[in-house]
Every structure is written in structure tokens, then in C-alpha cells.
Amino acid sequence: MTEVNQDIDLSLYMNESAIQDLGPVIEGVQVWGPVTNQDFRKTFLDWYDKESRRLPWRESKDPYRIWVSEIMLQQTRVDTVIGYYARFLSAFPTIKALAEAEEDQLLKVWEGLGYYSRVRNMQAAAQQIMADHDGIFPDNLADIKKLKGIGPYTAGAIGSIAFGIPVPAIDGNAMRVISRLFMINADIQKPANRKIFEAVGQYLVDPDRPGDFNQAIMDLGSSFETPKKAMPELSPLRDFTMATLTRTTDNYPVKSKKAKAKPVYYQALILQNAKGQVLIEKRTQHKLLNNLWTVPLINLGTSANQNLPANEKTAFLLAETQEAYGISPIFMRKEIGQVKHVFTHLIWHILLTYGQLKPVDEKKINDMITSGEADYAWVAPHQFEDYAFPTVQMKVWQAYEDYQKDNHHNIK
DNA sequence: CAGGCGTGGTG
DNA sequence: TCACCAAGCCT
């Protein structure tokens, strides 16, 4: 059985807190009763009415705009999203525009925001809405949940904010706040424990103002009830929060650790044609950074493998390049730079190698581009507006530029 | 279910 | 430098 707050006796704290009555046990959590619940909601929403953050997506109840903000905000900071939100809406002002957009243009607008499947899923959902709902965002939870990329949290957020449906929106903030309210020991990392917070959240949410209630949780979670360096004694809910009353805020939420990122090694090929343009390719058939563009990357595996003699390294590189691209560039012996990029689950270590194409190889590449056989393209430095590059590629460009700067003998 | 999936900020 | 984090969802 999941550990919850069974070791806590709420009644012990009734005299020295705002808790006035005891309520039911929900999923093993002893919660306060209806009298306290009303008091709690009023206190919380009064605070929200006075102190809520003014954010671009709070200016409208349009479900499309709420939806866009909720997808962008998944695992992403508010400050980062603000830089993308208006641009996205101006590029794709309606569900129809999103549904009909070119994927390349979609990724270009999302470029740098990360978790790119979010925007691909959002377009798929927009197409679902065009097909199944005449282009009108569905107004009930069951249909909202069917949309690609919308899970239990996002459905609750859109449902409550845009349509006033009385449901909680259980994200990391909500689990942190609720775990501190009732000193819930369930590991929030475990999917099975979601139902505990869903159920308690459902009990707590104000049925008259569910959207404001859920957004109040967000604001509280980003101000007084933060993951680190919380200031629970300044929270408007301090007298309702068991962890604050017992000075155990830092014990909540319980959260198990995730595996740390593993290193992967690559050789990036900076291949120039006669015009001085550089070869890039679209990452089709990948899961990571799918359909974004990078220079050719040769995977060297999980060990550096760089303690080989120089001539063997070159031979290896030539063989790999011939294998993957059917060409034999003239490589510079020494690497021209390096890049380190950290993903959630991987760390890429990239060595940049410069090479020039022989005319016959350049023709081979050009033929593949012309025939549409492969997603290659030639780009000149600083003329990147047509392609969506992930941040790791922007770092590669930067390293290449640094090298050119340091070696005033222009590579050409 | 565990692991995959980005990026930038923070202590 | 590094661990951890920020309005999760999909497979």
C-alpha cells in the first residue's frame, strides 16, 4: 500500500491552524472537512485576485490560446515561453492555420524551445479538431483528452481555464503544493501515485472558479512553495499547510531520482562545396531532434575512441563517411573545434572535422538533392532562415565561426 | 512502467 | 562543474 499521510493526525493541529474540521480519507489521505475547505478556497482565491501574475496567456479565455500556452509551458520556464508565445500565435493565429501549416515552418517557429514532438503533436491535434469538431476546440473533458499531446494535466488545465469545468490540473506544482498541504509521502515520480493527487485535487478545487484555482496553484508553486528555497511562512496558505505547521516543508514532495545522462561521442563534418557553402541534412527517421537539421554527424559510440593514431582516425572517418554518404572528402587532419551539449538523458561530445568535397562528390550530393533522394542542403553561414536547427547545431555553427575567426587564413 | 524526449536557469 | 529543476506526454 502506498504511504500517504496516515502517520499524521490533523486533529492535533486544529487548535493552532486554520483547520476547523476533519473530512474524509481520500486515497489514504486524511483531508480537512467542508468548512475548512470553503475557508481554504476563499483565502486562496482572495490572494490570487490580489497577487496573481499578469501573463500573456491570461489575457484571453480562447481555448486555442490557452492550449498553445499549456503545451509550451510543459517542462519549460515561463520566461522562456514568453519569448515564443506571441510569435507562434502570429504565425499560426487559428487552429485551421496550425492544421494546414508546413511542418518545416512549424519547427522553425519552435526552434530552440525543445521537446519538438510537442509541436508536431499539436499540429496532429489541430488536424483532429478540423476533422472531428469542425475546427472548434472541444468543450468537454473526454474529447479534449483524446487530442494528441494532451494528457491528464493539460486536459484539466484547458478544461478548467477555458471552459470552467470543475477539475484539478495536476502537474508538478500541484503535487508539490498538495503534498505539503497534507504531508503526503507518496513518490510523485511514480505514475501510479498520480491518482492520489488527482483525487485530493478534485476535493480541493473550487467548483465555481476552477480555472483561477488551478492557476493560483501555479503562482503559489512559483513563489512561496518552490521546490528549493521555499518561503512557506509567507504563503497565503501557511495556516492550512501541514508541512509548514510542522516545519517539514523541505521533506515534500517525495521524489525519486532519475538516471543521469550518458555520454555519446560524435564527429561533426563541416563539408564545404566550391561556393563555400556547408552541407546539412535533415534528421528524418530519428526520435531525437526528428526533422531538424544538422551537419552530418558520425556516431562514435559511447567511448571517445580518440586514442587511435591520427592516420587510423582518418581512415575510420573516411570509411564511415563513405558508408553513410557515399563520398570521400579531403579531411583536415586536425579537428577544428569541439562542442558539448547536454540533453535530459544524453550528453553529446562532438569533435568538428573540416573537409572539402571533390567535384565528383559534390555532383553526387547535388544529384541527390535535385532528385529529392535525400534531405541534404547547402547553406552559407548566417543564411539559416529556411531551416530549423536544434541548439546543438547552433553550437556547432558557433564553434566553426570561432575557428574561422582564430585563423584569419580563411578556409575557402 | 521506465525511459525517451530539449533547453536554459540556478545554487 | 554538476545535480536538479520547469505548467508532461508518449511509447
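For the structure itself, consult the block above.
Everything quoted here is computed from the prediction, not taken from an experiment.

Of the regular secondary structure elements, chain A holds 15 helices and 10 strands. Viewed in the frame of its principal axes, chain A has a C-alpha envelope of about 85 × 50 × 40 Å. Of the roughly 20500 Å² of accessible surface on chain A, 51% is carried by carbon and sulfur atoms. Treating the 46 positive side-chain charges of chain A as one cloud and the 49 negative ones as another, the clouds have centres 5 Å apart.

The next subject is helix α5 (residues 103-110). Considered for burial, the residues of α5 that qualify are Leu106, Leu107, Val109 and Trp110. Take α5 and look down its axis: the buried residues cluster within an arc of 160°, on one side only. Where α5 is buried, its residues touch α2 (63-73), α3 (78-91), α4 (95-100) and α6 (117-132). Directly beyond the C-terminal end of α5, a positive phi value near 95° is found at Gly112.

Around DNA strand B, the surrounding shell holds 23 residues, and the nearest of these are Arg77, Tyr116, Leu289, Thr344 and His345. Thr76 is positioned with one of its side-chain polar atoms (N or O) 3.1 Å from a base nitrogen of DNA strand B. In the model, a sugar or linking oxygen of DNA strand B is placed 2.9 Å from a nitrogen or oxygen of the Tyr115 main chain. Broken down by class, the residue content of the surface near DNA strand B amounts to 10 nonpolar, eight polar and five charged.

The environment of DNA strand C is formed by 28 residues, the closest being Gln75, Gly149, Asp171, Asn173 and Pro227. Close to the protein, within 4 Å, the atoms of DNA strand C belong to sugar or phosphate groups at a rate of 68%. Gly151 is positioned with one of its backbone polar atoms (N or O) 2.9 Å from a phosphate oxygen of DNA strand C. At 3.5 Å from a phosphate oxygen of DNA strand C is found a main-chain nitrogen or oxygen belonging to Gly172. The set of elements that each furnish at least two residues to the surface near DNA strand C consists of α2, α8 (152-163) and α9 (172-182).

Time to look at the side chain of Thr321. Position of Thr321 among the secondary structure elements: in helix α13 (residues 310-325). A distance of 2.7 Å separates a polar side-chain atom of Thr321 from the backbone oxygen of Leu317. Other than its neighbours up to four places away in sequence, Thr321 contacts Leu269, Ile298, Gly326, Ile327, Pro329 and Phe331.

Turning our attention to the nonpolar core. One finds Trp67, Phe88, Trp348 and Leu352 to be the most contacted residues of the largest nonpolar core, which totals 71 residues. In contact with Trp67, not counting residues within four places along its chain, are Leu98, Met122, Ala125, Ala126, Ile129, Phe137, Ile150 and Ile158. In this structure, Leu10, Val29, Trp47 and Ile188 belong to the second largest nonpolar core, which totals 40 residues.

Bringing unusual backbone geometry into the picture now. Pro253 follows Tyr252 through a cis peptide bond whose omega is -5°. For Pro253, the position within the fold is in the loop between α12 (242-245) and β3 (262-272). The phi dihedral of Glu27 is positive, around 50°, even though this residue is not glycine. Secondary-structure assignment places Glu27 in the loop between β1 (22-26) and β2 (29-32). For Arg247, which is not glycine, the phi torsion reads 50° and is therefore positive.

Evaluated as defined, the whole model comprises 14 salt bridges. Ionic pairing is found between Asp219 and Arg58, a salt bridge with its closest N-O pair at 2.8 Å. Within this pair, whereas Asp219 is found in helix α11 (residues 210-221), its partner Arg58 is found in the loop between α1 (34-51) and α2, the two being separated by 161 residues in sequence. Taking the relative accessible area as the measure of exposure, Asp219 reaches 3% and is therefore buried. For Arg58, a relative accessible area of 21% corresponds to the partly exposed category. Bridged by salt links that share partners, the residues Asp49, Arg209 and Asp212 form one connected network.

What follows deals with the packing of aromatic side chains. One pass over the structure, following the stated rule, counts 23 aromatic pairs. Centre to centre, the rings of Tyr266 and Trp348 are 4.5 Å apart; their planes meet at 55°, and the pair counts as tilted. On the criterion of sequence distance, the pair formed by Tyr266 in strand β3 and Trp348 in strand β9 (residues 346-356) is long-range, its members being 82 residues apart. Taking the relative accessible area as the measure of exposure, Tyr266 reaches 11% and is therefore buried. Three or more aromatic residues joined by ring pairs form one cluster here, namely Trp32, Phe40, Phe44, Trp47, Phe182, Phe213, Phe224 and Phe240. In this structure, Arg87 packs its charged tip against the face of Tyr84, placed 5.1 Å from the ring centre.

Conventions and cut-offs
- Residues numbered from 1 in each chain as written.
- Chains lettered and ligands numbered in written order.
- Predicted model: local features only at pLDDT ≥ 70, side-chain atom pairs only at ≥ 80, totals over all residues.
- Heavy atoms only, no water.
- Helix = DSSP H or I, 4+ residues; strand = E, 2+ residues; numbered from the N terminus.
- Areas by Shrake-Rupley, 256 points an atom, 1.4 Å probe, with all protein chains shown as cover.
- Lys, Arg positive; Asp, Glu negative; His and termini not counted.
- Charge placed at Lys NZ, Arg CZ, Asp CG, Glu CD.
- Buried < 20%, exposed > 50% of the residue type's maximum accessible area, 1.4 Å probe, protein only.
- Arc of directions from axis to C-beta.
- Contact = heavy atoms within 4.5 Å.
- Near = heavy atom within 4 Å.
- Polar contact = N/O pair within 3.5 Å; in protein donor to acceptor, adjacent residues only side chain to side chain.
- Nonpolar A, V, L, I, M, F, W, Y, C, P; charged D, E, K, R; others polar.
- Core = buried A, V, L, I, M, F, W, Y, C linked by side-chain atoms within 4.5 Å.
- Salt bridge = Lys/Arg side-chain N within 4 Å of Asp/Glu carboxyl O.
- Phe/Tyr/Trp six-rings, centres within 6.5 Å; stacked < 30°, edge-to-face > 60°.
- Lys NZ or Arg CZ within 6 Å of the ring centre and 35° of its normal.

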